[in-house]
Amino acid sequence: MNPDQLNIRHLHALSAVVASGGITAAARIVNLTQPAITQGVAKLERQLGTPLFERRPGGMEPTEAARALARRAEAAIRLIGTHRATAAQIRAFIALARAGSYAGAAAATGLAEASLHRAIGDLSLAMGCTLVDRRGRGVTLTRRGIAIARNFRLAMAELRSAITELAALEGRETGRIAIGAMPLSRARVLPAAIARFHTLHPEVDLSIVEGSHMELVNPLRDGEIDMMIGALRAGEYETDLKQRPLFDDRPVIIARTGHPLAGRSRLDAEMLARFTWIISGPETPLRQLWEHMFIAMDVSPPHVSIECGSVMTIRQILLSGDFLTLLSADQVALELQEGWLTQIGPMPVDISRLIGLTCRADWRPTPLQARFMEMIADAAADQRARDTNHR
């Protein structure tokens, strides 16, 4: 089931019953009558298909499922920030934020535009602020609206995790893990972990979203992806994200087979600067390593005529002329094996970048998500062992 089908007030009531130990105390906390709380809990049990309390003469004893749901519900309610917002309003606002127009949100949700307008207006009143500004036929979120939209997405991610955990308690493996994959991770480590995980947990869906750090970091913060894997950022990092190192990658200079520098026993800055380089954009770890390579040879990095982060595009450009690039050998392993491309070397300077996982600092992975991350760590350990043996 979708998490936005769960009633926010019912979840609040459930959390209050678990925390206070009874319906009477919970009724005072959530300002609902005892019959309303009883009915709300019963509806949650029907929706989730699992008992949340054991009814006893002395009161209601929460099941393990109730405790798990309460933990996630409390986090979701904190993110939502009010008990007055309804699931329908939250669903409407997330759709509007994603689509950028009422027409697009209506197409995505199947709701009438008038219903969406009403839901967003009521939500603005519940939140006590303006959420959107009209811009012609579209809308722009206010600064407060942007923050609220992110919190709503994170709240829904918490409830999705709750549903997954409840299914696991019943022996059912369900759910979805969304992984943001930066270029290098798609070469070996991530495919190996995915293949192993799917073999062991075929009922769990895996969604791989490809992109650069810049393209993936906001979906990560919004809870639309669970983790990123790729080159880590050096120095002080954003406090809302945490990084887990996995292995060091040592990029090499790559060119087409038959390149004028192929087979050279020594490379210097003058040789390398004579050719056109294809390098990823500024501020990327690979670009910084490339610049460091030239600076370590006491020369200024040459002008980059072609900026590109797509390995597929870089490969095709390399094959068409005497270009150079800096990549991990793993990223073009097939091309090197088939003899289309070649490594220009040895490297004039030893350079490396740290590859790892990035996730939200306050993220609490489900057991399946944690298991998947450990499989990525295992695949990275295998990669480190191979690299050591090849040196």
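Within each chain, residue numbers correspond to sequence positions counted from 1 in written order. Thresholds applied to this predicted model are a pLDDT of at least 70 for local features of residues and 80 or more for the giving and counting of side-chain atom pairs; totals over whole chains, interfaces and linings are not thresholded and use all residues. Water and hydrogen atoms were dropped before computing side-chain values, which therefore reflect all heavy atoms in the structure.

What should I look at first to understand the packing of helix α2 (residues 23-30) against helix α3 (residues 34-48) in this one?
Packed helix pairs are specified by the crossing angle of their axes together with the interaxial distance, meaning the distance between the axes. For helices, the fitted line uses only the C-alpha atoms of the stretch in contact; every axis is such a line through C-alpha atoms, and the angle between N-to-C directions lies from 0 to 180 degrees. Here a strand is any run of E in DSSP of at least two residues, a helix any run of H or I of at least four, and the numbering for each starts at the N terminus. Where α2 meets α3, the axes come as close as 9 Å, and the angle between the chain directions of the two elements is 100°. As judged from the angle between their axes, α2 and α3 are roughly perpendicular. In this structure, α2 uses I23, T24, A26, A27 and V30 to contact α3, whose residues at the interface are Q34, I37 and T38. When residues are grouped by polarity, Ala, Val, Leu, Ile, Met, Phe, Trp, Tyr, Cys and Pro land in nonpolar, Asp, Glu, Lys and Arg in charged, and all others, Gly among them, in polar. For the contact of α2 with α3, the residue count by class is 5 nonpolar, 3 polar and no charged. Any angle that falls under 35 degrees is termed roughly parallel, while one over 145 is termed roughly antiparallel, one within 65 to 115 roughly perpendicular, and all others oblique. A contact between two residues is defined here by any heavy atoms of the two lying within 4.5 Å.

Explanation requested: unusual backbone geometry in the structure shown.
At the junction of G345 and P346, the peptide bond is cis and its omega measures out at 5° in the coordinates. Of note, N31 is a non-glycine position whose phi angle comes to about 60°, a positive value. You can see N31 is positioned in the loop between α2 and α3. The buried label applies to any residue whose accessible area, calculated with a 1.4 Å probe on protein chains only, is under 20% of its type's maximum; exposed applies above 50%, and partly exposed to all values in between. Judged by relative accessible area, N31 falls into the exposed class, the value being 66%. Here the phi dihedral of D298 falls at roughly 65°; this positive angle occurs in a residue that is not glycine. Tracing the sequence through the fold places D298 in the loop between α12 (285-296) and β11 (306-307). Residue D298 is classed as exposed on the basis of its relative accessible area, which comes to 73%.

Would you mind going over the pattern of salt bridges with me for this structure?
Side chains carrying opposite charge are able to pair once their charged atoms draw close together. We define a salt bridge as a contact between a side-chain nitrogen of Lys or Arg and a carboxyl oxygen of Asp or Glu at a distance within 4 Å. Under the counting rule described, the total for this entry stands at 21 salt bridges. Here R72 and E158 are joined by a salt bridge, their closest N and O atoms 3.0 Å apart. Taken together, the residues R72 in helix α4 (residues 64-80) and E158 in helix α8 (residues 143-169) connect sequence positions 86 residues apart. Of the two residues, R72 and E158, neither departs from the other in class, the shared state being buried. Where D268 meets R266, a salt bridge forms, and the shortest distance between an N and an O atom there is 3.4 Å.

Sorry if this is basic, but what is going on with the side chain of D222 here?
Looking at the element boundaries, D222 is found in the loop between α10 (213-221) and β7 (227-231). Judged by relative accessible area, which is 10%, D222 ranks as buried. Excluding residues within four positions of it along the chain, D222 makes contact with R150, R153 and L154.

Any chance you could explain the packing of aromatic side chains here in plain terms?
The relation between two aromatic rings is expressed through the spacing of the ring centres and the mutual angle of the planes. Note on ring pairs: Phe, Tyr and Trp rings are taken, using the six-membered ring of Trp, and paired if centres are within 6.5 Å. Classes follow the plane angle, with under 30 degrees stacked, over 60 edge-to-face and the rest tilted. The tally for this structure, following the rule as stated, stands at 5 aromatic pairs. Seen from their ring centres, W290 and F294 are 5.2 Å apart, and the 70° between their planes marks the pair as edge-to-face. Taken together, the residues span about one helical turn, with W290 and F294 both in helix α12 at a distance of 4 residues. A residue is classified by how much of its surface remains accessible, and W290, at 1% relative accessible area, is buried.

In this structure, what is going on with the environment of T358? I would like to understand it.
Mapped onto the fold, T358 is located in strand β14 (residues 353-360). Looking at T358, the relative accessible area reads 1%, which means it is buried. Taking C-alpha positions, T358 is 25 Å from A168, a pair spaced 190 residues apart along the chain.

Would you mind showing me how to read empty space enclosed by the protein here?
Using a probe with the size of a water molecule, rolled over the atoms, empty space left in the structure can be pinpointed. With a 1 Å grid laid over protein atoms only, a set of points is called a cavity when a 1.4 Å probe fits there but cannot get out and a pocket when it is open yet has protein on both sides within 12 Å along at least five of seven lines; lining residues have an atom within 4 Å of a point. Grid points are joined across faces, edges and corners, and a volume is the space filled by probe spheres set on the points. Tallying each qualifying case throughout the model produces 1 cavity of 30 Å³ or more. Put simply, the largest cavity is a space of about 40 Å³. In this structure, the largest cavity is lined by L184, A187, R188, V189, F247, D330 and Q383. Residue composition of the lining of the largest cavity, by class: 4 nonpolar, 1 polar and 2 charged.

For this particular structure, what's the right way to read the packing of helix α5 (residues 87-99) against helix α6 (residues 102-109)?
For the pair α5 and α6, the least separation of the axes is 8 Å and the interaxial angle reads 120°. As summarised for this structure, α5 and α6 are arranged oblique, according to the angle between their axes. Of the two possible hands of crossing, α5 and α6 adopt the one that is right-handed. Across the interface between the two elements, A95, L96 and A99 of α5 pack against Y102, G104, A105 and T109 of α6. Taken together, the residues of the contact of α5 with α6 sort by class into 5 nonpolar, 2 polar and no charged. Left-handed describes a crossing whose near helix is turned anticlockwise from the far helix through less than a right angle; right-handed describes the clockwise counterpart.

Can you walk me through the layout of surface pockets in this structure?
Of the volumes computed, that of the largest pocket is approximately 1,000 Å³. Along its surface, the largest pocket is lined by 42 residues, and P3, R153, M156, A157 and R160 are the ones closest to its centre. Among the elements of the structure, α4, α5, α6, α8, β5 (176-181) and α15 (367-390) are those that each provide at least two residues to the lining of the largest pocket. The element best represented in the lining of the largest pocket is α8, accounting for 9 residues. Here the residues of the lining of the largest pocket are counted per class, giving 18 nonpolar, 9 polar and 15 charged. If you go around the second largest pocket, you meet 34 residues; those closest to its centre are R233, S280, T284, P285 and L286. Broken down by secondary-structure element, the contributors of at least two residues to the lining of the second largest pocket are α10, β7, β10 (276-279), α12, α13 (311-319), β12 (323-327) and β14. Among the residues forming the lining of the second largest pocket, the class breakdown is 19 nonpolar, 11 polar and 4 charged.

By themselves, these are just geometric observations and shouldn't be taken as functional.
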